[in-house]
Amino acid sequence: MDFLKKFWPFSFRAKDVSNLIISLLIYIVIDIVCGVVIGLLAKLPLIGWLFALVGSLVGLYAFVGIVVTVLVFLKVLK
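About the criteria used
Residues numbered from 1 in each chain as written. Predicted model: local features only at pLDDT ≥ 70, side-chain atom pairs only at ≥ 80, totals over all residues. Heavy atoms only, no water. Helix = DSSP H or I, 4+ residues; strand = E, 2+ residues; numbered from the N terminus. Contact = heavy atoms within 4.5 Å. Phe/Tyr/Trp six-rings, centres within 6.5 Å; stacked < 30°, edge-to-face > 60°. Buried < 20%, exposed > 50% of the residue type's maximum accessible area, 1.4 Å probe, protein only.

Colleague: It is not clear to me how the environment of Ala62 should be interpreted in this structure. Could you clarify?
Modeller: Following the sequence through the fold, Ala62 ends up in helix α3 (residues 48–73). Each C-alpha atom of the pair Ala62 and Leu24 lies 9.2 Å from the other, and the pair is 38 residues apart in sequence. If near-sequence neighbours (up to four positions away) are discounted, Ala62 is found in contact with Tyr27 and Asp31.

The following block contains the structure:
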């Protein structure tokens, strides 16, 4: 559990609906902004594959953060 709290700190603030919405918006904004920036950098000829990999990892981080947030809100995780 400490691993989850360490890497997804915003997820464990979702105790009520307003904190749930704020946490979800944080992860959505992270995903959108990083996706746009990394999407532009992924078009570089020699190192574009590296940025594509980083973009995939950021998308996975945001997805896991959203799932953990919902599970904390539903009191499946504490």
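The rest of the description comes next.
Colleague: How should I be thinking about the packing of aromatic side chains in this particular structure?
Modeller: For any two aromatic rings, the description comes down to two numbers: the centre-to-centre distance and the angle of the planes. Under the definition given, this model contains six aromatic pairs. Aromatic side chains Trp8 and Tyr61 sit 5.5 Å apart centroid to centroid with 20° between the ring planes, which places their arrangement in the stacked category. Of this pair, Trp8 sits in the loop between α1 (2–7) and α2 (17–41) while Tyr61 sits in helix α3; the two residues are 53 residues apart in sequence, bridging distant segments of the chain. For Tyr61, a relative accessible area of 29% puts it in the partly exposed group. Among the aromatic residues, those joined into a cluster by ring pairs are Phe3, Phe7, Trp8, Phe10, Tyr27 and Tyr61.

Such coordinate-based values are descriptive only and should not be taken to indicate function.
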